[in-house]
Amino acid sequence: MQVPYPPSSVPPTAPSTSQFVTRVQLNISCRNLRDKDVLSKSDPMAVVMSFKDGGWFEVGRTERLDNTLNPQFSTAIIIDYFFEELQKLKFFIYDIDSPSMSLKSADFLGEMECTLGQLVSSGTYTKPLVLKGTTQNQAGIITVVAEEVSGGNDEVHFQFRAEKLDKKDFLGKSDPYLEFARSKEDGSFVVVHRTEVIQNNLNPKWKPFQIPVQQLCNGDYDRTIRILCYDWDSDGSHDFIGAFTTNLREMCSAQPSREWPCINEKKQKKKRGYKNSGVIFLAKCEVVKVSSFLDFIQGGCQLNFTVGIDFTASNGEPTQSTSLHYINPYAPNEYQQALTAVGEIIQDYDSDKLFPSFGFGAKIPPTYQVSHQFPLNFNPSNPYCAGLAGLVQAYQTCIQSVQLYGPTNISPIINHVAHFAHQAAQTQTATNYFILLLLTDGVITDMDQTKEAVVAASSLPMSIIIVGVGSADFAMMEELDSDDQVLMAHGKAAQRDIVQFVPYRKFKNVSPAALAKEVLAEVPKQLTDYFRARNILPQQRPNVNVP
């Protein structure tokens, strides 16, 4: 029987696609945390925030570790480092009790604020956590190890098994799991991965897993990797079985297999004739190249950008200055600002610069019947706007020609774009990916149909970006974003998270570039995850003939 403790490491936060940026990998550990659980110890998780454009934004989080006050998190946080910028960071530690990993019901254990410059200049940065109502050091200590990432997208696929492990449990055998740690330049080690636990078994075979080469050994095939075997205990006092050291180069050369004695040095010193505490076998080691977002873009994958705009009456009469659709000759409204901020980025990835653009929730000429999907240019056979300027102009013209009405139905536009994404998916090539930008001011009327449309679209080469304009309640949008749990519709689960929701008010007083960066942040991973799950490789980069 297998249990999910400790959780397997997940890939680090996807870094920027820029090839000119220095990337820094952060590994986090804590000591002597506050105990917030009555019948056991805390279950800590770390969340990292970065200060940008006047606000704090999450850049990544670690896994949760059960029942420990001295966590060594294996999930790394990767962040872009710019020497010319003051990059403020905050590290928040939470005791997570919810299965959804939500922070809303979590107990706060403390925080630490620093700059990325301090981390990279120190290498290993240790500070006391700050917790209101406690004095210095009472909330525990946090240590952040910062190392430069040397680049590359390779991933290692592993599988391990063991034989004749030591029996550690009084009433049973052992409940073994493996812990992987890479060496630092100062000789200490940082935990980078843990397997699942296999209960009551001295000859376990762990599940296959994969880990980025950067996370495992920072791209250095000769860097020492320490592999430790533990017997898991429910109270958190896991018993050490034994360990050995190796490196990725040695493991890659282990054909067809390789074995290492699992050594417990204390037991070795005390017991005459001691051989080992079991043998660990490497059943599989394969280095696989993982295609990056830029690999797909440079291979010719087009990002097809479609826009859907809310023209329901809740936006307010467009001729009134209080309306969200009011066209101010001196300053763009929120719809125009969101269109421009996102469009400026996307247009560089669409070769023809022709954007299908639609409205919904209005009465349209000439009959003034309500429509939930009409072209902004009122030309059903050619709904394309030429470039960003053409898109903004079509919006401005449209708002003067329609009557705002309702309801707020967004599933028709999602299904419309999904139709073209479905056609593209049949080619089984990485040539087209679709991005739908929805701008809306209110509560979704067709929520059930929208969830069904999103779940269906999750199997297609498509992402949905929703920007909430105005001050309405956007709880439904947060549900579609489904960061905390998988979106469901009629008992069917979404294959992946394809929705990113951002309320415009969060960025109202900062640079439009900050809005674009936030809403587009998940697109590279969504694109690569889609093609990778289907074993679709980037196309070969076209040769450019230079005269």
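Note that the coordinates shown come from a computational prediction; the quantities given were computed from them, not determined experimentally.

Conventions we followed
- Within any chain, residue numbers begin from 1 and follow the written order of that chain's sequence.
- Side-chain atom pairs in this predicted model are given and counted only at pLDDT of 80 or more, local residue features only at pLDDT of at least 70, and totals for whole chains, interfaces and linings cover all residues.
- Side-chain measures here rest on the full set of heavy atoms in the structure, leaving out hydrogens and waters.
- Residues belong to one nonpolar core when they are buried, are Ala, Val, Leu, Ile, Met, Phe, Trp, Tyr or Cys, and are joined through side-chain atoms within 4.5 Å.
- Partly exposed describes any residue whose relative accessible area lies between the buried limit of under 20% and the exposed limit of over 50%, with all areas from a 1.4 Å probe on protein chains only and scaled to the type maximum.
- Pairs of residues are marked as contacts when any of their non-hydrogen atoms sit within 4.5 Å.
- Think of it this way: any DSSP run of H or I at least four residues long counts as a helix, any run of E at least two long counts as a strand, and we number them from the N terminus.
- Strand pairing requires that DSSP identify at least two bridges connecting the strands.
- A clockwise course of the path from the first strand over the helix to the second, judged with the strands pointing away from the viewer, identifies a crossover as right-handed.
- Segment limits for the domains were obtained from an automatic or database-derived domain assignment.
- Put simply, buried area is how much 1.4 Å-probe accessible surface two parts lose in total, over both of them, once they are put together.
- Here, a salt bridge means any Lys or Arg side-chain nitrogen found within 4 Å of an Asp or Glu carboxyl oxygen.
- Any N or O atom pair separated by 3.5 Å or less is treated as a polar contact, with the protein-specific requirement of one donor-capable and one acceptor-capable atom, and with residues adjacent in sequence counted only for side-chain atom pairs.
- Amino acids outside the nonpolar list (Ala, Val, Leu, Ile, Met, Phe, Trp, Tyr, Cys, Pro) and the charged list (Asp, Glu, Lys, Arg) are all regarded as polar, and Gly is one of them.

**A short note on the nonpolar core**
Grouped together as the largest cluster of nonpolar side chains are 84 residues, with contacts concentrated most on F311 and M462. Ignoring sequence-local partners within four residues, the contact set of M462 consists of I414, V417, A418, A421, Y433, F434, L436, A457, R496 and I498.

**Structural notes on unusual backbone geometry**
In this structure, the amide linkage connecting P365 to the following residue, P366, adopts the cis form with an omega of 5°. Residue placement: P366 occurs in the loop between β21 (362–364) and β22 (369–371). For the peptide bond that leads from G406 to P407, omega is -5°, which places it in the cis range. Within the secondary structure, P407 sits in the loop between β25 (403–404) and α8 (411–425). The phi angle at N32 is positive, at roughly 55°, despite the residue not being glycine. Looking at the secondary structure, you find N32 in the loop between β2 (22–31) and β3 (44–52).

**Observations concerning the pairing of strand β20 (residues 354–360)**
Burial analysis of β20 places 6 of its 7 residues in the buried class, which makes it a mostly covered element. Taken together, the 4 bridges between strand β19 (residues 302–310) and β20 define a ladder with parallel strand orientation. Within β20, the position partnered with G308 by the bridge is F358. In this fold, β19 hands off to helix α6 (residues 334–346), which returns the chain to β20; that crossover is right-handed. Bridge count between β20 and strand β24 (residues 384–386): 3 bridges; the pairing is antiparallel. Paired with L354 across the bridge in β24 is A386. One ladder, built from 2 bridges, connects β20 with strand β23 (residues 374–375); its direction is antiparallel. The residue of β23 that forms the bridge with G359 is F374.

**Overview of the domain arrangement of the protein**
You can read the domains of the protein as domain 1 (22–148), domain 2 (155–288) and domain 3 (301–534). Between the C-alpha centres of domain 1 and domain 3 there is a distance of 35 Å. Listed per partner, the contact involves 5 residues of domain 1 and 8 residues of domain 3. The largest contributions to the domain 1 side of the interface with domain 3 come from D53, F57 and S100, which together make up 75% of the buried area. Inspection of the domain 1/domain 3 interface yields 0 salt bridges. Connecting domain 1 to domain 3 are 0 residue pairs in polar contact (both at pLDDT 80 or more). Grouping the constituent residues of the side of domain 1 that touches domain 3 by class yields 1 nonpolar, 2 polar and 2 charged.

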